[in-house]
Amino acid sequence: MTGLLKLVLWFLSTLIGTIILCGMGCLSTKFPFIHTFPDLPLHKRQQILQSMSLSYFRLLRMFFKTIKLLTLREFFTQLDESEDNCSWKAIGYYGPDPEFKAQIKRHFLHGTSKVGQDSEEGGDEAEQAIGPLYKGLIHLNYPRDITLDALRRFGFPVSVNRRKPKAAAKLSSPSLVIQCDAVVVGSGSGGGVVAGILAKAGYKVLVLEKGGYSARNNLSLLEAPTMDQMYESSGLVATADMSVLILAGSTVGGGSAINWGACIKTPPHVCKEWCEKNELELFESELYREAMDAVCEKMGVQSEIEEEGFNNAVLRKGCQEMGYPVNSIPRNSSSDHYCGWCCLGCKDGKKKGTSETWLVDLVKSGNGAILPGCTAMKVLHKKKKGTGKKTARGVAFEFEYKGSKDICVVESKVTIVASGTLNTPSLLKRSGLKNNNIGRNLHLHPVAMAWGYFPDAPAEPTGASEVWPEAWKKSYEGGIMTAMSPVVAEFDNSGYGAVIQTPALHPGTFSIVMPWVSGSVIKDRMRKFSRTAHIFALARDQGSGKVHSPSNITYQMKDSDEESLQKGIDKVLRILAAAGAEEIGTHHNKGNTLNVKQASYHEFEKFVKEESSRSLTDLSTQLCSAHQMGSCRMGTNPKESVVKQTGETWEVEDLYVADASVFPTALGVNPMITVQSIAYCTAQSVLQVLKRKRSK
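So, here is what we can say about the structure in this document. (Residues numbered from 1 in each chain as written. Predicted model: local features only at pLDDT ≥ 70, side-chain atom pairs only at ≥ 80, totals over all residues. Heavy atoms only, no water.)

**A look at the overall build of the chain**
As a reminder, the rule being used: Helix and strand assignments come from DSSP, with helices taken as H or I runs of at least 4 residues and strands as E runs of at least 2, each series counted from the N terminus. Radius of gyration here is computed from C-alpha atoms only, and the compact-globule reference equals 2.2 Å multiplied by the residue count raised to the power 0.38. When a residue's accessible area, from a 1.4 Å probe over protein chains only, is under 20% of the maximum for its type it is buried; when over 50% it is exposed; and in between it is partly exposed. Should any heavy atoms of two residues lie within 4.5 Å, those residues are considered in contact. Methods summary: accessible areas were calculated by the Shrake-Rupley approach with a probe of 1.4 Å, and residue burial reflects only the protein chains presented. In this tally, Asp and Glu contribute negative charge and Lys and Arg positive charge; neither His nor the terminal groups of the chain are included. Taken as the charge centre is NZ of Lys, CZ of Arg, CG of Asp or CD of Glu, depending on the residue.
Across its full length, the chain holds 21 helices and 21 strands. Taking 2.2 N^0.38 as the reference for a compact globule, 696 residues should give roughly 26 Å; the C-alpha atoms of the chain span a radius of gyration of 26 Å, in line with that estimate. Taking the principal axes of its C-alpha atoms as reference, the chain extends roughly 80 × 60 × 60 Å. Across the 696 residues that make up the chain, the buried fraction comes to 58%. Taking the intrachain contacts of the chain between residues at least 6 apart in sequence as the baseline, contacts between residues at least 24 apart amount to 72%. Here the chain displays about 29,000 Å² of accessible surface, and carbon together with sulfur accounts for 52% of that area. Within the chain, the 71 negative side-chain charges are centred at a point lying 8 Å from the centre of the 81 positive side-chain charges.

This is how it looks when you write it as structure tokens:
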């Protein structure tokens, strides 16, 4: 995509390229009669870009989407010396959570952190300030003596290869070889669970995480820095044709550190389908029910809400007005957790992701450590004597040391890969696994959104005592997900369809999903940012794609998926209007809107019908995904799957996969509980293997 972008930009700087790409738009009655794109007047450049957004040629639509994404996100997230943005005041955004800024100020003014003190009081204060994992982190880019001392203090035998100065790191001669019972690649909802369970059972566990650890007092709660530090490829992941923008975590805690906190158990109809159709008895077993209960208890999952945020209040009220079913979403946070910044990290640890739960078990057990900034290169395996089968023996990984790449090896009895749906397939392929299903059967839970604008004051005096929604509420505040409607979910019929939920959109993300028609229009849309509610439809997709690499993803929706999203958009527009929106619209590039207050019944119905029936596969509407699954799916035979019910790969013994990539099909709801529950079951299988190896 980068190459295409550079080529088109260069083309537009030439006369021939501008003629080819812009057509009649570059012609003028004044000398020199033909102008390159940069020399055209503003109104013509805007017309050309708008025509590209709706062009018959797919590559031009891809180019438009790329330019829009990069330009708008950069403008609305860039920071000056005081970590402010020149547009924020105008759009009603005040950057990081004010409570968090006050918390950090108190921390530094009064010196509340006492890291390194041995007293129980000092330890508690340190944990509150920087998070509970600081004692379990080993940074390999520190001086080697400090690293070796830390590893040995945790009980990990280490051997050192003293290379000649300036000698390049090689896999055949790693600088360190570390021994443990289990190595876990990834620390998210899959890897974190397995690591915590194994360490608590008394086994020595090393967790490799390519991302860093963003401790509470190191969070910025700013979009751009957080995307760089905590998201896969700085949040700039998309399918190869730019049809779906993809968000995935890349930090200690994985997606659980930056997700929206929804904790929905695997729906009964999905468990039944996976058990009967996919012949995976696990999903209707007592073990799996125990697993779901255990992970919910660990994260303190509950459904109470003291106060609902802007978007969810709109969703709930609209559903109630329309007579649609609406449920409260269980969350892994307390009832008073009114925070819209959890997609940028949890400021106080109230959201119980793996870095606040299972990884804490790992650290407190004294049997495990987390190595951040380490990228797994390949799983090491060898032929098993007398059988010809392969068995895993550890992982080779690289990290930054003294300005260059260094290589280490972890030798382990079992290896667990939990790198996430986008990264696990590539790691398995680099490791020599040949199963044709690796990387295939990718599901994305594609999301299509609509929006409604709610002025913070009535357009005319109405005598009402209070504005709806409350005038002081902002679109980016409050619990991100507290309400959900299954009005088009078809749980009781096909089991597919779509659910209706709300997103977290801070200025950069908001700007790239809103339609761009012209500079003045996007300016007006952004001016209304803080009072614009978004609601989306999320499809349980039957279509699928393939992960060629984390940066090369192809995906194709089925017609049934598109129909589910279209039905969802129909309902979302009605929900927004019923909740009292003054203006409504979708994300289609035409940017059509409707003033609900002024429209007649027939005008409203016509608008809803037209906007909800538009194509969602021609790049004219921005689709998004925050859930990826299925790229190394679980099954009953190697011809159709990558791993067994136990999570072990068909090709290599003692090599397990424990992340959302093992889902047999798309799930249809937020996947955190399902990922953790499957990982919990996988951990029980790994424990049995380790017990057998220990007894030999």
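So that's the structure; there's more coming.
**As for the packing of aromatic side chains**
For clarity, the threshold we go by: Pairing of aromatic rings covers Phe, Tyr and the six-membered ring of Trp, with a centre-to-centre limit of 6.5 Å; geometry is then stacked below 30 degrees between planes, edge-to-face above 60, and tilted otherwise. Here, a charge over a ring means that NZ of Lys or CZ of Arg falls within 6 Å of the ring centre while also lying within 35 degrees of the ring normal.
By the definition in use, this model includes 19 aromatic pairs. On the numbers, 5.8 Å between centres and 45° between planes, the contact of Trp10 with Phe11 is tilted. On the basis of relative accessibility, which here comes to 51%, the residue Trp10 falls in the exposed class. Ring plane angle 70° and centroid distance 5.0 Å describe the contact between Phe283 and Tyr288, whose orientation is recorded as edge-to-face. In this structure Tyr288 comes out as buried when scored by relative accessible area, which is 0%. Clustering of aromatic rings is evident, with ring pairs tying together Trp88, Tyr93, Tyr94, Trp341, Tyr476, Phe510 and Phe529. The aromatic ring of Trp358 is capped on one face by Lys298, whose charged end is 5.0 Å from the ring centroid. Positioned above the aromatic ring of Tyr453, the side-chain terminus of Lys528 is 4.8 Å from the ring centre.

**Examining helix 20 (residues 601-612)**
Short version of the rule: Given a helix with a known number of residues, its expected span is that number minus one, times 1.5 Å. In this description, the arc belongs to the directions extending from the helix axis to the C-beta atoms.
Here helix 20 is 12 residues long and its end C-alpha atoms lie 17 Å apart, about the 16 Å a rise of 1.5 Å per residue gives. Restricting attention to buried positions, one finds in helix 20 the residues Phe604, Phe607, Val608, Glu611 and Ser612. Taken down its axis, helix 20 places every buried residue within 110° of arc, on the same side. The exposed residues of helix 20 that point more than 90 degrees off its buried face are His602, Lys606 and Lys609.

**Considerations on the environment of Cys408**
Note on placement: Cys408 falls in strand 10 (residues 404-417). With a relative accessible area of 0%, Cys408 lands in the buried category. Separated by 236 residues in the primary sequence, Cys408 and Ser172 have C-alpha atoms spaced 9.9 Å apart. Setting aside residues no more than four positions away along its own chain, Cys408 makes contact with Pro174, Ser175, Leu176, Val395, Ala396, Phe397 and Phe399.

**Quick notes on the state of the cysteines**
Cut-off, in case you're wondering: Disulfides are defined as pairs of cysteine sulfur atoms found within 2.5 Å of each other.
Evaluation of the coordinates by the stated rule reveals zero disulfides. With no disulfide of its own, Cys624 lies closest to Cys343 among cysteine sulfurs, the gap being 13 Å. Judged by its relative accessible area of 14%, Cys624 is buried.

**Some points on the pairing of strand 12 (residues 483-488)**
Filter applied, for reference: A strand pair is defined by DSSP finding two or more bridges across the two strands.
In terms of burial, strand 12 is largely enclosed, as five of its six residues are buried. Two strands pair when backbone bridges link them, and strand 12 and strand 13 (residues 498-501) are joined in this way by two bridges, in the antiparallel orientation. For Val488, the partnering residue across the bridge sits in strand 13 and is Ala498.

**Some details on the side chain of Thr36**
Going by this rule: N or O atoms closer than or at 3.5 Å make up a polar contact, with two conditions inside protein: a donor-capable atom paired with an acceptor-capable one, and, for residues adjacent in sequence, both atoms drawn from side chains.
Within the fold, Thr36 resides in the loop between helix 2 (15-22) and helix 3 (42-53). A distance of 2.9 Å separates the side chain of Thr36 from the side chain of Asp39, its partner in a polar contact. When residues no more than four places from it in sequence are discounted, the contact partners of Thr36 are Leu12, Ser13, Thr14, Leu15 and Thr18.

**Points about the pattern of salt bridges**
The criterion, for reference: Salt bridge criterion: a side-chain nitrogen from Lys or Arg within 4 Å of a carboxyl oxygen from Asp or Glu.
As enumerated under the stated definition, the model contains 30 salt bridges in all. Measuring nitrogen to oxygen at the nearest pair gives 2.8 Å for the salt bridge that ties Lys347 to Asp97. One end of the pair, Lys347, is in the loop between strand 6 (327-328) and helix 15 (358-365); the other, Asp97, is in the loop between helix 5 (88-91) and helix 6 (98-110), and 250 residues separate them in sequence. You can call Lys347 buried: its relative accessible area is 5%. Taking the shortest distance from any N to any O, the salt bridge between Lys567 and Glu490 comes out at 3.9 Å. Within this pair, whereas Lys567 is found in helix 19 (residues 559-578), its partner Glu490 is found in the loop between strand 12 and strand 13, the two being separated by 77 residues in sequence. Taking relative accessible area as the criterion, Lys567 reaches 46% and is therefore assigned partly exposed. Three or more residues joined by partner-sharing salt bridges are found here, namely Asp524, Arg525, Arg527, Lys528 and Glu583.

Geometric descriptors of this kind do not, in isolation, establish any biological role.
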